[in-house]
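# Structural overview for review
The chain contents come next:
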Amino acid sequence: MNIHEFQGKSILSQHGVRIQRGLVASTAEGAVQAAKDLNEQTGTSWFVIKAQVHAGGRGKGGGVKLAKNYDEVATIADQILGMQLVTPQTSAEGKTVHQVLIAEDVYYPGESETSEFYMSVLLDRAAGRNMIMYSTEGGMDIETVAEQTPQLIFTETIDPSAGLLPFQARRVAFNLGLRGTAFKEMTKFVTALYQAYVQSDASLFEINPVLKTSDDKIMAVDAKVSLDENALFRHKDFLEMRDIREENPIEVEAKEVGLNYVDLDGNVGCMVNGAGLAMATMDLIKQAGGEPANFLDVGGTADAARVETAFRIILKDPSVKAILINIFGGIVRCDRVAQGVVDAYKNLGDAIKIPIIVRLQGTNADIAKELIDNSGLDVQSAVEFQEAADKVQAVLT
Ligand code: GDP
Ligand code: MN
């Protein structure tokens, strides 16, 4: 589950990570009030207005702007709220901005220069360990840094039983070229950041940029956080951070009815029981020259009602040009599923205008095939995997 920058920062702050402080607002008046409150809390008189959407690169898209007085706060907030923010990480139509974060300006001039760093904590799947990835090249697109100057990206792998050790925190500060107060601040920062990551069962904390202020404080200016959904039961306070306006509406609906659905870009919808078979089916579709439009695991109980719900969900995606149903009848009997397909087809009436290929294998597969073939509907049955692939290919060409 992804959360907003302001929510990520509140988790960071609870774990002792210094953050660029701010308050959220959803109207221009609210933004001015937030700025006034922030002025009282921090003494700041310059503010950054930051669009709160689940996508990075907001600065490039005009979603992060500096305001030097309350009038500018009102004008900029009014401009950003409700806009369709297009960034390098959104689709072409962008994301609607419902909230802005009014944050203190932390790039004030002072005794030393400000510097921006990159830092993230994530799981290194190959090593099976958490890792801190960091770079002197903050504020930039890290993928570009990785491509052009990979030597400027450092990593620190953490032993799960020991946690982040003090010498590792010092090595991070050293590699970032820090001295004196800033060095000490960085060791505290990285230690607290790692704690925040571990204790919130996150899969990612990406802070870009981490700022060294002109008075040598180290703070998080941005926060991109992904929480592990499977651990949410341990964090009841995180549940309210879900913002379904940011999520794919078809996926939200599928989740509500207990279907495991992931929207993809292709043209062949698929309905499969079991995640492994679903993955294999997606490969099959690709081999047949198609692209899967979704991943959909209907689960072990692929009964008529679930089949019908799954149909409805798949058909919501306008790019679906054909549907491949691939069900293995182990616990569930194939003839039941076949009857479910026939019933769903009839119930949905003219909602289905695209070819459907059904492959049922396992218990009572022969009866199932007969049911499909004699239904008089525009549904083709296949027994073998290859046969199903050929039929998908035929309807796509
Ligand atoms: P992103 O573009 O979505 O990654 O959003 P960020 O939160 O990283 O902000 C984008 C950029 O805005 C940062 O890299 C900074 O250069 C700039 N920025 C953020 N906060 C401040 C601030 O307090 N003052 C000034 N002058 N610039 C800021
Ligand atoms: Mn950023």
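So, here is what we can say about the structure in this document. (Residues numbered from 1 in each chain as written. Chains lettered and ligands numbered in written order. Predicted model: local features only at pLDDT ≥ 70, side-chain atom pairs only at ≥ 80, totals over all residues. Heavy atoms only, no water.)

### Focus: the overall build of the protein chain
The cut-off we apply is this: Segments assigned H or I by DSSP are reported as helices when at least four residues long, segments assigned E as strands when at least two residues long, and all are numbered from the N terminus. Burial status follows relative accessibility: with a 1.4 Å probe on protein chains alone, a residue under 20% of its type maximum counts as buried, one over 50% as exposed, and anything between as partly exposed. Working rule for contacts: check all heavy atoms of both residues, and any pair within 4.5 Å makes them a contact. Accessibility throughout is a Shrake-Rupley quantity obtained with a 1.4 Å probe, and a residue counts as covered only by protein chains that appear here.
Check the secondary structure of the protein chain and you find 12 helices and 19 strands. Oriented by its inertia axes, the alpha-carbon framework of the protein chain measures out at about 85 × 50 × 40 Å. Residue burial in the protein chain is summarised as follows: out of 397 residues, 48% are buried. Once local pairs closer than 6 in sequence are excluded, the contacts in the protein chain between residues at least 24 apart make up 66%. Element-wise, carbon and sulfur atoms account for 50% of the exposed surface of the protein chain, whose accessible area totals about 18,700 Å².

### Observations concerning unusual backbone geometry
Between N208 and P209 the backbone carries a cis peptide bond, its omega angle lying at 10°. Phi at D201 takes a positive value of approximately 50°, unusual for a residue other than glycine. Structurally, the position occupied by D201 is in the loop between α6 (180-199) and β11 (202-212). Positive phi, close to 65°, is recorded for D216, a residue that is not glycine. Along the chain, D216 turns up in the loop between β11 and β12 (218-220). Accessibility expressed as a relative area gives 24% for D216, which makes it partly exposed.

### Notes on the coordination of the manganese ion (ligand 2)
Convention followed: Any N, O or S atom lying within 2.8 Å of the metal counts as a donor, with the limit raised to 3.2 Å for Na, K and Ca; because water is left out of the atom set, some sites can appear incomplete.
Looking at the metal site, the manganese ion (ligand 2) is ligated by N208 (O) and D222 (OD), spaced 2.2 Å from it. Here N208 is found in strand β11, whereas its partner D222 is found in the loop between β12 and β13 (224-227), with 14 residues between them in sequence. Note on D222: relative accessible area 18%, which makes it buried.

### A look at the site of ligand 1
So the rule is basically this: Only heavy atoms are used to decide nearness, and a residue is near a molecule or strand if one of them lies within 4 Å of it. In the analysis that follows, any N or O atom pair within 3.5 Å is treated as a polar contact, provided that within protein one partner can donate a hydrogen and the other can accept it, and provided that, for residues neighboring in sequence, both atoms belong to side chains. Polarity classes work like this: nonpolar for Ala, Val, Leu, Ile, Met, Phe, Trp, Tyr, Cys and Pro, charged for Asp, Glu, Lys and Arg, and polar for all others, with Gly in that last group. For every domain, the bounds stem from an assignment made automatically or drawn from a database.
Within the structure, ligand 1 sits among 17 residues, and K50, R58, G59, D105 and V106 are positioned closest to it. Contact distances for ligand 1 include 3.0 Å between an oxygen atom and a side-chain N or O atom of Q20. In this structure, V106 approaches ligand 1 through a main-chain N or O atom, which is 3.0 Å from an oxygen atom. Protein contacts shield 79% of the accessible area of ligand 1, which totals 570 Å² for the unbound molecule. For the shell around ligand 1, the secondary structure elements donating two or more residues are β3 (47-51) and β11. Of the residues assigned to the shell around ligand 1, the class counts are six nonpolar, five polar and six charged. Each of domain 1 (1-19 + 108-247) and domain 2 (21-105) accounts for three or more of the residues forming the shell around ligand 1.

### Focus on the packing of aromatic side chains
Two numbers describe a pair of aromatic rings. These are the distance of the centres and the angle of the planes. Spelled out, the test is: In this analysis, rings of Phe, Tyr and Trp, with Trp reduced to its six-membered ring, are considered paired at centre separations within 6.5 Å, and the interplanar angle assigns stacked below 30 degrees, edge-to-face beyond 60, and tilted for intermediate values. Distance and angle both matter: a charge sits over a ring if NZ of Lys or CZ of Arg is within 6 Å of the ring centre and within 35 degrees of the ring normal.
For the coordinates displayed, the defined rule picks out three aromatic pairs. For the pair Y194 and Y197, a centre-to-centre distance of 6.2 Å together with 25° between the ring planes defines the contact as stacked. Here the residue Y194 and the residue Y197 both occupy positions in helix α6, the gap between them amounting to three residues, near one helical turn. A relative accessible area of 5% means that Y194 is categorised as buried. The ring of Y70 carries the charged tip of K36 above its face, separated from the ring centre by 5.5 Å.

### Observations regarding the state of the cysteines
What counts, and what does not: Working definition: a disulfide is two cysteine sulfur atoms within 2.5 Å of each other.
For the coordinates displayed, the defined rule picks out zero disulfides. Left unpaired, C270 is separated from the closest cysteine sulfur, that of C334, by 18 Å. The exposure class assigned to C334 is buried, which follows from its relative accessible area of 0%.

### A look at the environment of A293
The topology assignment puts A293 in the loop between α8 (275-287) and β16 (294-297). A293 sits in the buried class, given a relative accessible area of 0%. Residues A293 and S375 lie 82 residues apart in sequence; the distance between their C-alpha atoms is 26 Å.

### Comments concerning the nonpolar core
To be explicit about the condition: We call a set of buried Ala, Val, Leu, Ile, Met, Phe, Trp, Tyr and Cys residues a nonpolar core when their side-chain atoms join them within 4.5 Å.
L12, M119, I132, M186, F189, L193 and F205 are the most contacted members of the largest nonpolar core, which has 39 residues in total. Listing elements by their share of this core, those giving two or more residues are α1 (5-14), β8 (115-124), β9 (129-135), α5 (166-175), α6, β11, β12 and β13. The leading source of residues in this core is α6, at nine residues. A293, A310, F311 and A344 belong to the second largest nonpolar core, which has 34 residues in total.

### Points about the pattern of salt bridges
Where charged atoms from two side chains of opposite charge approach closely, those side chains can pair. What counts, and what does not: Here a salt bridge means any side-chain nitrogen of Lys or Arg lying within 4 Å of a carboxyl oxygen belonging to Asp or Glu.
Within this structure, the stated rule accounts for 21 salt bridges. For E104, the salt bridge goes to R21, with nearest N and O atoms at 3.2 Å. Of this pair, E104 sits in strand β7 (residues 100-104) while R21 sits in the loop between α1 and β2 (22-25), and the two are 83 residues apart along the sequence. Here E104 falls in the buried class, since its relative accessible area comes to 8%. Among the residues examined, R21 registers a relative accessible area of 39% and is labelled partly exposed.

### Brief notes about helix α3 (residues 70-80)
Heads up, the rule is: Along the arc lie the directions from the helix axis toward the C-beta atoms.
Every buried residue belonging to α3 is among V73, I76, A77 and I80, and all of these are buried. Along the axis of α3, the buried positions cluster into a sector of 100°, meaning they face one direction only. Opposite the packed face of α3, turned more than 90 degrees from it, sit the exposed residues D71, T75 and D78. Residues of α3 that are buried sit in contact with α2 (28-42), β3, β4 (64-67) and β7. Near the N-terminus of α3, the side chain that reaches the backbone nitrogen of D71, with its oxygen 3.1 Å away, is that of N69.

Keep in mind these values describe shape, not function.
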